[in-house]
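Notes for the structure review
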Amino acid sequence: MTTAPAAPVIARTNGPLDDALKQLADAVGLLNYDEGLHHLLAKPRREMAVSIPLRRDNGTIEVLSGYRVQHNFSRGPAKGGLRFSPDVSLDEVRALAMWMTWKCALLDVPYGGAKGGVTIDPARYSSNELSRVTRRYTNEILPIIGPDVDIPAPDIGTDEQTMAWIMDAYSANVGYTVPAVVTGKPVSLGGSLGRPSATSRGVVHVALAALSYRGIAASDATAAVQGFGKVGAGSAQFLAEAGVRVVAVSDQYGAVHNEFGLDMPSLHAYVSNTGTVSGFAGADPIDPNELLTLDVDLLVPAAVESVIDATNAHRIQATIVVEGANGPTTADADEILRERGILVVPDILANAGGVIVSYFEWVQGNQAYWWTADEVDQRLASRMKQGWTSVLDMAIRRDLTLREAATVTAVSRVADAHLTRGLYP
Ligand SMILES: NC(=O)c1ccc[n+]([C@@H]2O[C@H](COP(=O)([O-])OP(=O)(O)OC[C@H]3O[C@@H](n4cnc5c(N)ncnc54)[C@H](OP(=O)(O)O)[C@@H]3O)[C@@H](O)[C@H]2O)c1
Ligand SMILES: N[C@@H](CCC(=O)O)C(=O)O
């Protein structure tokens, strides 16, 4: 068993579901949809809540809570990550599932939206315990997942290994090997090259486009990145490779700052869950809450929901916020940032790189030829740039924020699918 980490220092507000519903209501208003269609788009199509009994390595028994919410599958199988975090609740998973629907529709990936979660702090459990939790969770949600039904992928607290366990548990149950039941699995089991870095690369593609739109050269730009996991660490690294001066990064327990730019080659020396962020030569520790309000050109929240809220939105100094995380900006804060002229590149566009390459992985399973890492990166870049251009064009044409333009585009595609299929009640 791993050592218990120190208590997190960043406070979170609740209410991602309220934020997701508010964004949908705004889009429905702009699209002039009736109440019935609004209701259809707001309500998840299917939800499952499960209990997960776990015998711990020390012999004691715990019963954990798990969820899988399929918000929509009008455009294809449900799709979305599985989160292991102590903050997981049914409402959080509902919000995340809805955002997956809009993300897939916006980037024209032929999936609906889903999300799963287990209320657990993975840092406090051994790998064997996490394997048992994942396998039992998979067995419980087995009736509603499958390669053409709902396809999980990594999210907070889960990774390639978690996907391998899901694939194994699912395959053992059905009696044959089903790689396409998950994406984000190891390459040795049919995973795609470039999937681990896809979300971060996508974040950086749109971040560079947003900097250019605001007339800021990458080589003159500074950035701060909150969260140093699968999305945040890669974002910091790829921004630095593009010439951006990354002056601060943080994780759940600490943050470091260097006004001359963090020494990214030492990035891999970084150690998480130690109570401090380490491994950055010449960097000073700062309060992680301060990272969000640093005077930088670009802020990339890449950790959890609701970190930019009404209490700190007035103090954000960045010119551009690129949402690497899902739901990092509350609805109240969004309004404040809009009034202050801060450009917010919304999550459903900014962090779509992961699900785009998940789709490549899912499709490649049936192909004779598998794309090289360079081919994956090129295809990803082209879809992200296309997504950025179409959202920006619509925002300018209709005088909308980027979030409104993105949500309106996505919601109208999902509504069209419902109406064309004749699912409208
Ligand atoms: N993975 C994907 O493919 C993907 C794709 C699209 C969007 N996303 C979204 O991106 C975000 C991050 O996901 P991830 O996959 O990078 O997860 P991850 O690998 O588990 O990393 C999460 C990071 O956030 C930090 N963190 C957690 N709680 C925090 C808090 N309260 N304040 C500040 N930092 C905190 C963690 O710190 P510790 O290391 O100290 O725990 C860790 O550095 C989530 O919103 C996720 O939904 C992920
Ligand atoms: N969890 C990721 C990836 C989803 C996927 O690849 O299915 C997201 O929020 O977009």
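Here the structure is a predicted model, which is why all the values come from computation and not from measurement. (Residues numbered from 1 in each chain as written. Chains lettered and ligands numbered in written order. Predicted model: local features only at pLDDT ≥ 70, side-chain atom pairs only at ≥ 80, totals over all residues. Heavy atoms only, no water.)

Here 7 strands make up an open sheet; going across it, the order is S9-S8-S7-S6-S10-S11-S12 and the pairing mixed. Every interior strand has two partners, whereas the edge strands, strand S9 (284-286) and strand S12 (343-345), have only one. Neighbour-to-neighbour, the strand axes of this sheet turn through a mean angle of 25 degrees, independent of strand direction. Of the pairings in the sheet, the one linking strand S8 (residues 255-257) to S9 comprises 3 bridges and is antiparallel in character. (Pairing = 2+ DSSP bridges. Helix = DSSP H or I, 4+ residues; strand = E, 2+ residues; numbered from the N terminus. Axes fitted to C-alpha atoms, helices over the stretch in contact; angles between N-to-C directions.)

Within the UniProt annotation, "site: Important for catalysis" (unreviewed entry) is assigned to Asp155. With respect to the secondary-structure elements, Asp155 resides in the loop between strand S5 (150-154) and helix H5 (160-174). In this structure Asp155 touches Gly81, Leu82, Arg83, Lys115, Lys230 and Asn326, once residues within four positions along its chain are discounted. (UniProt positions renumbered as here; feature names shortened; annotations may be inferred. Contact = heavy atoms within 4.5 Å.)

The subject of this paragraph is the pairing of strand S4 (residues 113-119). Across the 7 residues that make up S4, a large majority, 6, are buried. Pairing analysis gives 6 bridges linking strand S2 (residues 61-72) to S4, with the strands arranged antiparallel. Residue pairing across strands places Tyr67 opposite Gly117, the latter belonging to S4. Two elements, strand S3 (residues 78-85) and S4, share 4 bridges in a ladder whose sense is parallel. If you follow Phe84 over to S4, its bridge partner there is Val118. (Buried < 20%, exposed > 50% of the residue type's maximum accessible area, 1.4 Å probe, protein only.)

Let us look at the site of ligand 2. Surrounding ligand 2, one finds 14 residues, the nearest of these being Lys79, Lys103, Lys115, Asp155 and Ser358. Interatomic distance of 2.6 Å between a side-chain N/O atom of Lys103 and an oxygen atom of ligand 2. Between ligand 2 and Ser358, the relevant distance is 2.6 Å, taken from an oxygen atom to a side-chain nitrogen or oxygen of the residue. Contributions of two or more residues to the shell around ligand 2 are made by S3, helix H3 (90-106), S5 and helix H11 (353-364). (Near = heavy atom within 4 Å. Polar contact = N/O pair within 3.5 Å; in protein donor to acceptor, adjacent residues only side chain to side chain.)

Next up on the list: the packing of helix H6 (residues 195-213) against helix H7 (residues 232-241). Where H6 meets H7, the closest approach of the two axes is 8 Å, and the angle between their N-to-C directions is 45 degrees. By the angle between their axes, H6 is oblique relative to H7. Crossing hand, H6 versus H7: right-handed. Mapping the contact onto sequence places Ser197, Ser200, Arg201, Val203, Val204 and Ala207 in H6 and Gly234, Ser235, Phe238 and Leu239 in H7. (Parallel < 35°, antiparallel > 145°, perpendicular 65-115°, else oblique. Left-handed = near helix turned anticlockwise from the far one by under 90°.)

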